[in-house]
Amino acid sequence: MQSARLNKSCDQCRNRKVRCIVPPASPEGPIACTHCIKRNETCQFSHLKRKLRQKVSPAPQSTPSTDHPQPSSDPLIDRLIRNPSESAVLVDETSILTVHNDRVPSSGLAFFSDKRVNSLVKRLGHTHVRKLVHEIDKSIRTRLLARPGKDLSLYTLAKVQAELVVEREAASHIQRYFDILHPIYPFLDRQSFEEKARRPDLIHVLETDYAFCGLYYAILALGCQYNGLSSFIPDNSHAWKLFQISLSRLDRILMTTESLPNLQALTAMAIFATNTFSLQLDQTLVAEAGRMVLALRYHKSLISEESTLCHRIFWVIYHIEKRYCFSASISSVIADYDIGCPIPNTPESIVGEYNWLVSSVRFGRVVSVAYSSLFSTSASTRSDDTILSAIDRVQGLLEEWRLSIPLEFRPKEPLQRHRLLDSACKEIALRTHYYYYQLAIALERLTLHVSRDIVRSENSMRALLKTAREVINLTRYIDVEPYTPVFILATLPLSALFILFDFVVHHPNDPDTRGNLTLLDIVAGHFSQLDHASNGTIQSSYLSEFSHMARQYVQNVQKESTGHDTGSHETSSSQPTTANSNPPSIHRAISLEHELSAPSNLSNPTLMEGIDYGGLDNFYFLTPDSDLWSTGLPSLDEFDPREYYGSIFL
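In this text the structure is predicted, and so the values were computed from the model without any measurement.

## Some thoughts on the overall build of the protein chain
(1) Moving on: Within the protein chain, the secondary structure is distributed over 27 helices and four strands.
(2) Moving on: Evaluated residue by residue, the protein chain yields a buried proportion of 54% over its 650 residues.
(3) Moving on: Put simply, 71% of the contacts in the protein chain that link residues at least 6 apart link residues at least 24 apart.
(4) Moving on: Element-wise, carbon and sulfur atoms account for 51% of the exposed surface of the protein chain, whose accessible area totals about 29,300 Å².

## Observations regarding the pattern of salt bridges
(1) Moving on: Summed over all chains, the structure comprises 16 salt bridges.
(2) Moving on: Across the salt bridge formed by Asp-338 and Lys-300, the nearest N and O atoms sit 2.8 Å from each other. Taken as a pair, Asp-338 in the loop between helix H15 (307–328) and strand E3 (350–351) and Lys-300 in the loop between helix H14 (282–295) and H15 lie far apart in primary sequence, 38 residues in all.
(3) Moving on: When its relative accessible area of 23% is taken as the criterion, Lys-300 is described as partly exposed.

## Some points on the packing of H15 against helix H18 (residues 423–450)
(1) Moving on: In the contact formed by H15 and H18, the axes pass within 12 Å of each other and the chain directions differ by 35 degrees. Crossing angle aside, the handedness with which H15 passes H18 is left-handed. Two secondary-structure elements touch here, H15 through His-319, Arg-323, Phe-326 and Ser-327 and H18 through Tyr-435, Gln-438, Leu-439 and Ala-442.
(2) Moving on: A per-class count over the contact of H15 with H18 returns four nonpolar, three polar and one charged.

## Some points on the packing of aromatic side chains
(1) Moving on: Summed over all chains, the structure comprises 23 aromatic pairs.
(2) Moving on: Considering the side-chain rings of Phe-178 and Phe-193, the 5.9 Å spacing of their centres and the 55 degrees angle between planes classify their relative orientation as tilted. Of this pair, Phe-178 sits in helix H7 (residues 170–181) while Phe-193 sits in helix H8 (residues 190–197), and the two are 15 residues apart along the sequence. Neither residue differs from the other here; Phe-178 and Phe-193 are each classed as buried.
(3) Moving on: Each member of the aromatic cluster is reached from another via a ring pair, and the members are Tyr-354, Trp-356, Phe-363, Trp-401, Phe-409, Tyr-435 and Phe-487.
(4) Moving on: Positioned above the aromatic ring of Phe-487 is the side chain of Arg-323, whose terminal nitrogen or guanidinium carbon lies 4.1 Å from the ring centre.

## Some thoughts on the environment of Val-129
(1) Moving on: Along the chain, Val-129 turns up in helix H5 (residues 128–141).
(2) Moving on: Considered as a pair, Val-129 and Phe-546 are 417 residues apart in the sequence and their alpha carbons are 7.8 Å apart.

## So, H8
(1) Moving on: Of the residues making up H8, those classed as buried are Phe-193, Glu-194 and Ala-197. Seen end-on, H8 carries its buried residues on one side only, within an arc spanning 95 degrees.
(2) Moving on: Elements in contact with the buried residues of H8: H7, helix H9 (202–208) and helix H10 (210–226).
(3) Moving on: Put simply, Asp-189 is the residue that caps the front of H8, since its side-chain oxygen is 3.2 Å from the backbone nitrogen of Gln-191.

## A closer look at the confidence of the model for the protein chain
(1) Moving on: For the protein chain, per-residue confidence averages 75 on the pLDDT scale, and 68% of positions sit at 70 or higher.
(2) Moving on: Within the model, the stretch residues 89–96 combines pLDDT values under 50 with 20 contacts to residues more than four positions away or in other chains.
(3) Moving on: Across residues 622–639, confidence stays below pLDDT 50; counting only partners more than four residues off in sequence or on other chains, it has 60 contacts.

## Examining unusual backbone geometry
(1) Moving on: Its identity as a non-glycine residue notwithstanding, Arg-297 has a phi of 60 degrees, on the positive side.
(2) Moving on: Assignment of secondary structure puts Arg-297 in the loop between H14 and H15.
(3) Moving on: A positive phi angle is found at Ser-329, which is not glycine, with a value near 55 degrees.
(4) Moving on: Structurally, Ser-329 can be placed in the loop between H15 and E3.

Definitions and limits used
- Residues numbered from 1 in each chain as written.
- Predicted model: local features only at pLDDT ≥ 70, side-chain atom pairs only at ≥ 80, totals over all residues.
- Heavy atoms only, no water.
- Helix = DSSP H or I, 4+ residues; strand = E, 2+ residues; numbered from the N terminus.
- Buried < 20%, exposed > 50% of the residue type's maximum accessible area, 1.4 Å probe, protein only.
- Contact = heavy atoms within 4.5 Å.
- Areas by Shrake-Rupley, 256 points an atom, 1.4 Å probe, with all protein chains shown as cover.
- Salt bridge = Lys/Arg side-chain N within 4 Å of Asp/Glu carboxyl O.
- Axes fitted to C-alpha atoms, helices over the stretch in contact; angles between N-to-C directions.
- Left-handed = near helix turned anticlockwise from the far one by under 90°.
- Nonpolar A, V, L, I, M, F, W, Y, C, P; charged D, E, K, R; others polar.
- Phe/Tyr/Trp six-rings, centres within 6.5 Å; stacked < 30°, edge-to-face > 60°.
- Lys NZ or Arg CZ within 6 Å of the ring centre and 35° of its normal.
- Arc of directions from axis to C-beta.
- Polar contact = N/O pair within 3.5 Å; in protein donor to acceptor, adjacent residues only side chain to side chain.
- pLDDT = per-residue confidence, 0-100.

Okay, here's the thing in structure tokens:
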């Protein structure tokens, strides 16, 4: 339903983005504002077209709605079973970058809704950003690394039977694996593996023991990457050829009885797939590893000679699977409520006072709770208040996890450069920070989507911007190499680029704009370096167009603002502040404080508690062209931050 009220700013002032000052109303009503009188222009007040929030009485239970499911704490499946005719209005994440207007996925990469793209197009004055988003999305969806005309899959990689040979550099590859990756994934008995790998009859062992053969060549492939014998192009490097030999034993591993050796081989393959740009392979390998570890019942308390090794591999798979499922927006196959095995002692994964294995397991539990309570199908049908309570819980768990980490590795603290000299320490440090920021971004975006509290939305926006800056600051420590995990090399930096680009375009005169533009240049340089390192296989240098568009737009806004009259109260809301003039946010705050001084709003705790309106520098979640500043703030029932920010900033 549209409101019949008039805008409190005339059309001319709204176009100029200046405050509309109307003299006291006469019996005939306001004729013109002071600015239009001064310019001798016709002053026209259009009707307010913003939709008001309506309080709708709940429908009787006897006539359930078939349009939209009522929010409920019950799992959606229970409601569907009770009422098979109920239709669920849900959206699946079928796109990589673009998202639905009313759904926030757990993936940190999915960012642009149609509303947000339209808002950017309106601000920039051209449609290039829309074309760019669609081009990037299409490139990722068609799998950047697949060669034209070639089907890259487990089947095509595994069907070619390569000759088994003993690598001359095998010892070096194995050493590199255990020095760098074993501390991160401590699922093997190093001594036992190396003894078997040094046997004089190794070829015979590889030919007859398919599980060890799969494990052996997967370890060689992983170590080979760190020895510089890898490539961003699948099946075009020595590491990929070694991995292909490992995959040639996959059919036997999956089709025979589950066993610890089979699971070890499968886990090593999954690590290779998730640690590189093999986007087509990781889901199957991770899912099969999760299925097999449950079939072997390693998630239970075992009493056997190999119980420690069994528990090690379970927790490594738990860590891999939980993180992968959260990033891919799919449910985990490992039920947390059915786990009953201890976390074994793993000295090789302890760096100083930091126990990486325990920390990675704790984070896996946090993202498991986050997905089930916030991003699952059932969670998406719950009420906003229920979701906000769940966000508070997950943020509390995330903060507990952060504080449990020693200071030199702790996210939001300066990264200790001396910790980056050792390759394993560097891997652990970057993973720790990027794990935290990935979940933090997802939580803040969801908060902006569902919150109607001004202070909470403001704090979430600030936290989101700070997280994006931290992600970009860390890119200087990233090895632009095929062995670097995709979420570190590309996903999180790309998310940070989108966040800063979006904010700069909607707030070109923010005090931190210059710094944000510099950070956009830095992350654009990171992707240009990735383009160069991959010899153009990963065409990412064109992401610098986001930085160029943002900088050009800011320059245009600043040029336009310098031509405005800055004499008295005609300060534009988009004009930069100076030491000799009041910031436009102060004028907004005064107007807002005046609106809130009405008796009908003084009793509203959501809007009044904790806000120093006179000193508030900006409402970051509002765009400068929002209707709020021109129409005033009638009441909480009529004001929803999501209409101005959250519903379009996903």
